[in-house]
Amino acid sequence: MRYTEKQNITGAEALLASLINQGVETVFGYPGGSITPVYDRLQDYPELRHLLTRHEQGAVHAAQGYARVSNRTGVCMATSGPGATNLLTGIADAMLDSTPVVCIAAQVPSTALGTDFFQEADMINMTVPITKWNYQITRFDEIVPTLAKAFYIAAAGRPGPVYIEVTKDALTARGDYRWEPCRGIRSYRPVPEVDGDAAAEAVRMINAAERPLMLVGNGVKISGAEEAVLRLAEAGNIPVAATLMGLSGVPTGHPLNIGMVGMHGNAAGNLMTQEADLLIAVGMRFSDRVTGNLKTYAPRARVIHIEIDPVEIDKNVRTDLALVADAREALEAILTAGGIVRKERAEWFATAARHAAVERERVIDRQLRPQREELTMGEVVAQVAEQGGGEAVIVTDVGQQQMMAARYSNYKHTRSLITSGGLGTMGYGLPAAIGAKVALEEMHDGRHVVLFLGDGGFQMTMQELGTMLHWGIPVKIVLLDNAFLGMVRQWQQLFMEKRYNATELVNPDFVQIARAYGMPARRITRREELAEAVGEMLGSDGAYFLQVAVGREDNVFPMVPGGASLDELLYSE
């Protein structure tokens, strides 16, 4: 149902009607004093499903997970003051990872602004640097145009978060409602047109290259450029590597896919970056976690950078040719600008095979076929990937389990790795997995959501198990438990002479906690139990909690130490 016109309704009703008209089906939120007028009218708008989370941070991370899987704008709500400030971490995370979310909070009455009224916080100034746009609504007649503009800005061009707050008196004021969508904003051109000359020059550069490498980032998935990436790669017989955020944009099993680049990326991707004579970077921003030492990054390569946001051009890495455009449109322009020459590149692919073989011998075999008694994180992830057939949507928290899940999962479908990249937010995983599963259910997609957690990050937002219980959300949870803040401990082991300060954890009985929230739960410690336990988890109808005790000093390799070059890889302790 759509609400085009309504007479004499409250601002709260106008807000809810606008969400429905915008196509929103689910809102994640938490009530409080200033926003009670909105919650009071929810029952009058049954088209809108509200999922009560157990913390406002859970609401915004759930909205992020929802947006990343569905490619739609996620929505969350909170009250004023602490409710709104609890959204800040998720808003900043969404900004760095280009995730479209609209965060709506109430504010104290407009007459009380600036008086330190109960639960007043100056969120507008706090959110200026971490949003694409923010706005404070103080009158009824601002609600409709502001909400429409918010959704347009959040999703247009390079997506990101928008923060909107509505004073309580605007929510209770009355007026006549008329819906008008926002289809554009004067002087705001979020999608630049492709430069045809630049596309033609890209073809010339690609055809001249002997050792090209394509790097795909999150922008490939945002723009729907996955097919165009493969067409270009296959046309020129060009190997493809992904950033952490770009993973799943190219299927794991594709013969041109050489894995992940970056601090814990695959040897082939990192070393070939240093050996390439051309980098074709698509929808990525050359993060420090991808480049390592900028002074020594890709020293032999010319760089084609395809990126919708002009701010990213030449920000970190000098570009020889920039196509400031939507990734899919830019790739289509290159493909139609002239014939891409296919070269055999036998030596270049032999190089990839050599690097992969070294990594397999020195790292992967040790993870997947360990000679020690302790279970490794990698073999747990690989067992889930094998039994799941690469069909699941993988969600991670942040830390060692994040890198292991990224490295050893299989991705058959795009948008099937959901993780916190730029901000690296511990606590992101559980609520994001909830949002991801809700999105799949709305899409009538029956795939599993498998969440990999560490024992540290889990305890930051573990209250969201209550959200799973409340709404019957069937996420499969794998807790990789090493009783440490593992990634920090790894750095302490490698670079601080094993001074394990403030990283060892004394943990509760996680299985008992999961069972208290009504889900089947199991803890395993032996390799002989692993395959059967994973099968039980994936075969269960609802939510499931599997705790796996892994090696306390199990580390993620290869590793590029901070400040090092990509070719200065560590393969072991």
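This text follows the structure it describes.
Report on the accompanying structure. (Residues numbered from 1 in each chain as written. Predicted model: local features only at pLDDT ≥ 70, side-chain atom pairs only at ≥ 80, totals over all residues. Heavy atoms only, no water.)

When its secondary structure is counted, the protein chain shows 23 helices and 20 strands. In summary, the protein chain has a C-alpha radius of gyration of 24 Å against a globular reference of 25 Å for 573 residues, a match within 12%. Put simply, the protein chain has 573 residues, and 61% of those count as buried. When the accessible area of the protein chain is evaluated, it comes to approximately 21800 Å², of which 50% is carbon and sulfur surface. Where the 53 positive side-chain charges of the protein chain centre and where its 67 negative ones centre are 2 Å apart. (Helix = DSSP H or I, 4+ residues; strand = E, 2+ residues; numbered from the N terminus. Rg over C-alpha atoms; globule rule 2.2 N^0.38 Å. Buried < 20%, exposed > 50% of the residue type's maximum accessible area, 1.4 Å probe, protein only. Areas by Shrake-Rupley, 256 points an atom, 1.4 Å probe, with all protein chains shown as cover. Lys, Arg positive; Asp, Glu negative; His and termini not counted. Charge placed at Lys NZ, Arg CZ, Asp CG, Glu CD.)

Moving on: the environment of E529. Within the secondary structure, E529 is located in helix α23 (residues 527-539). Looking at E529, the relative accessible area reads 17%, which means it is buried. Each C-alpha atom, one on E529 and one on D314, is 51 Å from the other, the two residues being 215 residues apart in sequence. Setting aside its immediate chain neighbours within four residues, E529 contacts R522 and I524. (Contact = heavy atoms within 4.5 Å.)

Next up on the list: the packing of aromatic side chains. By the definition in use, this model includes 9 aromatic pairs. Taken together, a centroid distance of 6.3 Å and an interplanar angle of 85° make the contact between Y152 and Y188 edge-to-face. Here Y152 is found in helix α7 (residues 143-155), whereas its partner Y188 is found in the loop between β8 (174-178) and α9 (196-208), with 36 residues between them in sequence. A connected cluster of aromatic rings, assembled from ring pairs, spans F458, F510 and F545. (Phe/Tyr/Trp six-rings, centres within 6.5 Å; stacked < 30°, edge-to-face > 60°.)

What follows covers the sheet that holds strand β11 (residues 257-260). An order of β11-β10-β9-β12-β13-β14 is seen for the 6 strands of this open sheet, with the pairing classed as parallel. Of all the strands in the sheet, just β11 and β14 (321-324) have a single pairing partner and so form its edges. With direction set aside, neighbouring strand axes in the sheet form an average angle of 15°. Sheet analysis places strand β13 (residues 302-307) next to β14, joined by 4 bridges and oriented parallel. From the neighbouring strand, H305 faces β14, where its bridge partner is A322. Against the sheet, helix α14 (residues 327-337) makes contact with β12 (278-282), β13 and β14, and its axis sits at roughly 130° relative to β13, the strand it touches most. (Pairing = 2+ DSSP bridges. Axes fitted to C-alpha atoms, helices over the stretch in contact; angles between N-to-C directions.)

As a further point, take the state of the cysteines. Two cysteines joined by a covalent bond between their sulfur atoms form a disulfide. This structure, assessed with the given rule, holds 0 disulfides. Looking at C76, it has no disulfide partner, and the nearest cysteine sulfur is the one in C103, 3.5 Å off. (Disulfide = S-S within 2.5 Å.)

Scanning all chains against the criterion turns up 30 salt bridges. Where E374 meets R372, a salt bridge forms, and the shortest distance between an N and an O atom there is 3.8 Å. Look at R372 and you get partly exposed, because its relative accessible area is 33%. In the salt-bridge network here, residues are joined through shared partners; they are R158, D309, E312 and K315. (Salt bridge = Lys/Arg side-chain N within 4 Å of Asp/Glu carboxyl O.)

The 6 strands are arranged β3-β2-β4-β5-β7-β6 in an open sheet whose pairing can be described as parallel. Of all strands in the sheet, those bounded by a partner on one side alone are β3 (49-52) and β6 (133-137). Going from strand to strand, the sheet's axes swing by 20° on average, the running direction of each strand aside. Bridge analysis of β6 against strand β7 (residues 161-167) gives 5 bridges, and the strand direction is parallel. Following the sheet pairing, Q136 is matched in β7 by E165.

Sheet topology places strand β2 (residues 26-29) next to β3; 4 bridges connect them, and they run parallel. Bridge pairing links G29 to L52 in β3. Handedness of the β-α-β unit built from β2, helix α2 (residues 36-41) and β3 comes out right-handed. (Right-handed = clockwise from strand over helix to strand, strands pointing away.)

The terminal C-alpha atoms of α23, which comprises 13 residues, lie 19 Å apart, in line with the 18 Å expected from a rise of 1.5 Å per residue. Considered for burial, the residues of α23 that qualify are E529, L530, A533, V534, M537 and L538. The buried residues of α23 occupy one face: seen down the axis, they fall within an arc of 150°. Among the exposed residues of α23, those pointing more than 90 degrees away from its buried face are E528 and G539. (Expected span 1.5 Å × (residues − 1). Arc of directions from axis to C-beta.)

For the rest of this paragraph, the subject is the packing of helix α16 (residues 377-388) against helix α17 (residues 400-408). Helix packing for two helices is described by the angle between their axes and how far apart those axes are. It is at 9 Å that the axes of α16 and α17 come closest, and there the two elements cross at 45°. With respect to α17, the axis of α16 lies oblique. Viewed along their axes, α16 and α17 form a crossing whose handedness is right-handed. Residue-level inspection shows M377, G378, V381, A382 and A385 of α16 in contact with α17, the latter providing Q400, Q401, M404, A405 and Y408. (Parallel < 35°, antiparallel > 145°, perpendicular 65-115°, else oblique. Left-handed = near helix turned anticlockwise from the far one by under 90°.)

If you trace the backbone, S540 turns up in the loop between α23 and β20 (544-549). Residue class for S540 comes out buried when judged on its relative accessible area of 17%. Of note is the side chain of S540, whose polar atom sits 2.6 Å from the backbone oxygen of M537. (Polar contact = N/O pair within 3.5 Å; in protein donor to acceptor, adjacent residues only side chain to side chain.)

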